[in-house]
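# Report on the structure
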12 protein chains.
Amino acid sequence: MTNSVYRKIEVVGTSPDSISDAIANALSKAAPEAREGWFEVSEIRGHITGGKAGIYQVGLKIGFKIEP
Amino acid sequence: MTNSVYRKIEVVGTSPDSISDAIANALSKAAPEAREGWFEVSEIRGHITGGKAGIYQVGLKIGFKIEP
Amino acid sequence: MTNSVYRKIEVVGTSPDSISDAIANALSKAAPEAREGWFEVSEIRGHITGGKAGIYQVGLKIGFKIEP
Amino acid sequence: MTNSVYRKIEVVGTSPDSISDAIANALSKAAPEAREGWFEVSEIRGHITGGKAGIYQVGLKIGFKIEP
Amino acid sequence: MTNSVYRKIEVVGTSPDSISDAIANALSKAAPEAREGWFEVSEIRGHITGGKAGIYQVGLKIGFKIEP
Amino acid sequence: MTNSVYRKIEVVGTSPDSISDAIANALSKAAPEAREGWFEVSEIRGHITGGKAGIYQVGLKIGFKIEP
Amino acid sequence: MTNSVYRKIEVVGTSPDSISDAIANALSKAAPEAREGWFEVSEIRGHITGGKAGIYQVGLKIGFKIEP
Amino acid sequence: MTNSVYRKIEVVGTSPDSISDAIANALSKAAPEAREGWFEVSEIRGHITGGKAGIYQVGLKIGFKIEP
Amino acid sequence: MTNSVYRKIEVVGTSPDSISDAIANALSKAAPEAREGWFEVSEIRGHITGGKAGIYQVGLKIGFKIEP
Amino acid sequence: MTNSVYRKIEVVGTSPDSISDAIANALSKAAPEAREGWFEVSEIRGHITGGKAGIYQVGLKIGFKIEP
Amino acid sequence: MTNSVYRKIEVVGTSPDSISDAIANALSKAAPEAREGWFEVSEIRGHITGGKAGIYQVGLKIGFKIEP
Amino acid sequence: MTNSVYRKIEVVGTSPDSISDAIANALSKAAPEAREGWFEVSEIRGHITGGKAGIYQVGLKIGFKIEP
């Protein structure tokens, strides 16, 4: 149980609707190997289209356990 | 009125629902002495459970006035 | 088409309701010249009033193309 | 009253006398549009002339409300 | 004598007059438990009122020895 | 179980012997209220005495759950 | 001569050819008001097209003197 | 088209000739899966051999779209 | 020999005993493809259990050569 | 005139009186070789003695031209 | 006694055995002029040889008093 | 062979022509003692003269082995 090791990957999720949708997309589509672990938001950006926030882009660092 | 002084503390609030719920929890439960003041979001993290965002963890720096 | 140049400005939007409302306010009221471009969230802060998050303040760096 | 938006600009003030003089110069000469707002010191530098501090250069980020 | 431990707290002092007055206020009013120790300036900010530096706000991290 | 909140404090532990001793001292003497939680090493410093590392000083940020 | 003040702006220049071309484009097209001053490279990015560096994007902070 | 997700990887390219050659090498040899995307220069280093810059080493963060 | 390229990955190793054990675990279990290269410690954290340092968690950035 | 090169050194000056006195001391006593050049304030710290700011410690990075 | 000035230098010590050995080597071999003073660990890196931590490299900033 | 120690110095090289020329100047003129070692680019700046990049200034941290 002790001495576990973890891998960290970095992904970007997007959503036209909200920051949490962008996080959900990143987890489900860009990091399918990360079933149990944690994420850290590294940046929140977005497109501006016609003077409005078009698409949110949320960068995530994701850590997950490596099974032996 | 001038020469006020402020104390800053650091807390983490959590919520399974949203980032703003995690902020609200942090303010109401972890910083009851901070009735009037300001907060600065220092980190946004979360658990991944079953490949989905499980619980949001939001770190806050909180400043509030010290009454003489 | 190549060799475009961009200007970056910094603004703060506010909202009593949510972080994304604060972003929307910043884009529509503080950066009307940025019709097409991108934004980067640089800070998330807020007022505490009566022990609750009063007003969200979201700092944005905004980039937009300079027309020749 | 709520939903105010702010613009942030960056300036450098100088003074041969002191850091606060350099701040005062920056505010009065480089940011005349900022009548009410706030500043954040981003850097303190200076010239060395004949082995002594010659001129202080103080970088400021300045935020001020955009009137509708 | 060896193996001492220290606590660090964060405060903000203000003064309409000078940066060192703001530091002095922070130490005397916001950190009375810190009789012997050290401080680190973490930020220098201020209000702008009528186009002038109104009130200096100086953030300090303060470290002091914990008596056993 | 969900919606827990945490407080973060900052301490410095010292030891003439090793970095891990300094961490252990910080936890046992400077943060007795932190029974269950986590720490993050924020800085590793030390005294030099007679040209040798005299005393290690290790800064820690410590997070722990606030019981309701 | 002393007590000069400076304004700082932020721009992004691009070039398909080189980093210095991107800097030159930024100065000539995005900052025409900066005739005499200095620049600081804040980021170097680029497009990848067909597996190759397509267009360099160089962010610059530009400082220039404000004439009274 | 919306809701795209991206993976970010980190590589180091080298070249005895120039910084842009080191970037080109990194993209073609270390990130063959990144056909369309973007890069961000994270560090520029190099060897010194005989008192001269021997080999440039350029660190890149590379982002590219994950095809569903 | 020149023009080598390198990949960088990020891992976390843990150990109940020491920081160097956590580094050794990370290298042997989480980065088996990195036979020759370098590492950079990016963070040192740990669990607190019963008021003591329970398990050290050491984050590493690992670089290794990509064979052609 | 062009192609000048500069050396940068780092010093700490102290003063019981003020931040600018600490800067002046650093320049005159710790960097006598820097007759013409520039300085950048890297940190402002101090001792606390009897609950008051005892001695200011100001860290400076100093750059000066190397004569051929 | 007051108004002391300090010089800061930067060194890297190495050891195949441990982080504290690398610190000790740096102090005794790379900074013999620093008899009394302080150090700050600025980075911890290492070689990987045969999949194991080969040699620890520890960067130190060292401060020491300049005798008048 | 093991247990080597290194000194790090900081210099700025300049060139009217290119970033790599500025690096070459820094190495040959400002760091003649660094025959074998490494460099890290810490900043890229420049003069603006007549609206164009006049002189590149490249800051380098240079590490080199200390011979026993």
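Being a predicted model, the structure only gives us computed values, none of them experimental.

Cut-offs and rules
- Residues numbered from 1 in each chain as written.
- Chains lettered and ligands numbered in written order.
- Predicted model: local features only at pLDDT ≥ 70, side-chain atom pairs only at ≥ 80, totals over all residues.
- Heavy atoms only, no water.
- Helix = DSSP H or I, 4+ residues; strand = E, 2+ residues; numbered from the N terminus.
- Buried < 20%, exposed > 50% of the residue type's maximum accessible area, 1.4 Å probe, protein only.
- Contact = heavy atoms within 4.5 Å.
- Areas by Shrake-Rupley, 256 points an atom, 1.4 Å probe, with all protein chains shown as cover.
- Lys, Arg positive; Asp, Glu negative; His and termini not counted.
- Charge placed at Lys NZ, Arg CZ, Asp CG, Glu CD.
- Polar contact = N/O pair within 3.5 Å; in protein donor to acceptor, adjacent residues only side chain to side chain.
- Buried area = accessible area lost by both parts, 1.4 Å probe.
- Salt bridge = Lys/Arg side-chain N within 4 Å of Asp/Glu carboxyl O.
- Expected span 1.5 Å × (residues − 1).
- Least-squares fit on C-alpha atoms with pLDDT ≥ 70 in both.
- Phe/Tyr/Trp six-rings, centres within 6.5 Å; stacked < 30°, edge-to-face > 60°.
- Pairing = 2+ DSSP bridges.

### Notes on the overall build of chain A
When helices and strands are counted, chain A shows one helix and three strands. Across its three principal directions, the C-alpha atoms of chain A cover 50 × 15 × 15 Å. Counting over 68 residues, chain A shows a buried share of 57%. Relative to all contacts within chain A whose residues are 6 or more apart in sequence, the contacts with residues 24 or more apart total 61%. As displayed, chain A has an accessible area near 2,900 Å², and 52% of this comes from carbon and sulfur atoms. Once the 8 positive and 8 negative side-chain charges of chain A are each reduced to a mean point, those two points are 3 Å apart.

### Considering the side chain of E40 of chain K
The residue E40 of chain K is located in strand β2 (residues 36–49) in this model. For E40 of chain K, a relative accessible area of 16% translates into the label buried. Side-chain polar atoms of E40 of chain K contact the side chain of W38 of chain K, separated by 2.9 Å. Setting aside residues up to four positions removed in sequence, E40 of chain K forms contacts with I44 and R45 of chain F together with K8, G59, L60 and K61 of chain K.

### Examining the interface of chain A and chain C
The interface is formed by 12 residues belonging to chain A together with 15 residues belonging to chain C. Here chain A and chain C share an interface that buries about 1,100 Å² over both sides, 57% of which is from carbon and sulfur atoms. Contact with chain C buries area across many residues of chain A, yet I44, R45 and I48 of chain A alone supply 47% of it, more than any other trio. Our count for the chain A to chain C interface comes out at one salt bridge. Between the two partners, chain A and chain C, sit six residue pairs in polar contact (both at pLDDT 80 or more). Looking at the side of chain A that touches chain C, the elements that each hand over two or more residues are β2 (36–49) and β3 (52–65) of chain A. The element that contributes the greatest number of residues to the side of chain A that touches chain C is β2 of chain A, accounting for six residues.

### A short note on helix α1 (residues 19–30) of chain C
All names here are of chain C. With 12 residues, α1 extends 16 Å from end C-alpha to end C-alpha; this agrees with the ideal 16 Å at 1.5 Å per step. Of the residues making up α1, those classed as buried are I19, A22, I23, N25, A26, L27 and A30. Where α1 starts, the residue carrying a side-chain oxygen 3.1 Å from the main-chain nitrogen of D21 turns out to be S18.

### Comments concerning the environment of I19 of chain H
Locating I19 of chain H in the fold gives a position in helix α1 (residues 19–30). Sequence separation between I19 of chain H and Y6 of chain H is 13 residues; the distance between their C-alpha atoms is 26 Å. In contact with I19 of chain H, not counting residues within four places along its chain, are I19 of chain G, I44, Y56 and V58 of chain H together with I19 of chain L.

### A closer look at the relation of the copies chain A and chain C
Superposing chain A onto chain C takes a rotation of 120° combined with a translation of 0.0 Å along the rotation axis, leaving an RMSD of 0.0 Å. Look at the turn and shift together and you get a three-fold axis relating the two. In terms of proximity to the rotation axis, the leading residue of chain A is I19 of chain A, whose C-alpha is 5.3 Å off the axis.

### Concerning the packing of aromatic side chains
Given two aromatic rings, one states the distance between the centres and the angle between the planes to describe the pair. Tallied over the entire structure, the rule returns 24 aromatic pairs over all chains. Judged by centre distance (6.2 Å) and plane angle (85°), the rings of Y56 of chain F and F39 of chain K are edge-to-face. Placement of Y56 of chain F in strand β3 (residues 52–65) and of F39 of chain K in strand β2 is noted, with the two residues assigned to different chains. A ring pair is formed by Y6 of chain G and W38 of chain G, whose centres lie 5.7 Å apart and whose planes are at 65°; its orientation type is edge-to-face. Taken together, the residues Y6 of chain G in strand β1 (residues 5–15) and W38 of chain G in strand β2 (residues 36–49) connect sequence positions 32 residues apart.

### Here we look at the pairing of β2 of chain K
Summarising the sheet, strand β2 (residues 37–49) of chain F and β2 of chain K pair through five bridges and their orientation is antiparallel. Looking at the pairing, T49 of chain F lines up with E36 of chain K of β2 of chain K. By the bridge criterion, four bridges tie strand β2 (residues 37–49) of chain I to β2 of chain K in an arrangement that is antiparallel. Looking across to β2 of chain K, one finds that G37 of chain I is bridged to I48 of chain K. As defined by bridge partners, β2 of chain K adjoins strand β3 (residues 52–65) of chain K across 11 bridges and the pair is classed as antiparallel. Note on β3 of chain K: the bridge partner recorded for I48 of chain K is A53 of chain K. Connecting β2 of chain K to the antiparallel partner β3 of chain K that follows it, the hairpin turn spans two residues, and G50 of chain K within it adopts a positive phi of roughly 60°.

### Side note on the pattern of salt bridges
Opposite charge on two side chains permits them to pair, given that their charged atoms come into close proximity. Evaluation of the coordinates by the stated rule reveals 60 salt bridges over all chains. One salt bridge connects E43 of chain G with R45 of chain G, and the closest N-O pair in it is separated by 3.9 Å. Residue R45 of chain G is classed as buried on the basis of its relative accessible area of 16%. Salt bridges linked by common partners bring K8 and E40 of chain A together with E43 and R45 of chain B together as one network.

### Structural notes on the pairing of strand β2 (residues 37–49) of chain C
Across 11 bridges, β2 of chain C lies against strand β3 (residues 52–65) of chain C in antiparallel orientation. Bridging across to β3 of chain C, R45 of chain C finds its partner in Q57 of chain C.

### Digging into the arrangement of the chains
The two units chain G and chain J never meet; even their closest C-alpha atoms stay 15 Å apart. Kept free of each other, chain C and chain L leave a smallest C-alpha distance of 15 Å between them.

### A short note on the side chain of K8 of chain B
Along the chain, K8 of chain B turns up in strand β1 (residues 5–15). Here the side chain of K8 of chain B touches E40 of chain B through a polar contact of 3.2 Å, side chain to side chain. Filtering out sequence-adjacent residues up to four positions away, K8 of chain B remains in contact with W38, E40, I62 and G63 of chain B together with E10, V11, V12 and E43 of chain E.

### Section: the environment of T49 of chain I
Tracing the sequence through the fold places T49 of chain I in strand β2. T49 of chain I sits in the partly exposed class, given a relative accessible area of 48%. Not counting the four nearest positions on each side in its chain, T49 of chain I is found in contact with R35 and E36 of chain F together with G54 of chain I.

### Focus: the environment of I62 of chain A
Assignment of secondary structure puts I62 of chain A in strand β3. Taking relative accessible area as the criterion, I62 of chain A reaches 0% and is therefore assigned buried. In sequence terms I62 of chain A and S28 of chain A are 34 residues apart; their C-alpha atoms lie 12 Å from each other. Setting aside residues no more than four positions away along its own chain, I62 of chain A makes contact with R7, K8, I9, V11, L27, A31, A34, W38 and F39 of chain A together with I48 of chain B.

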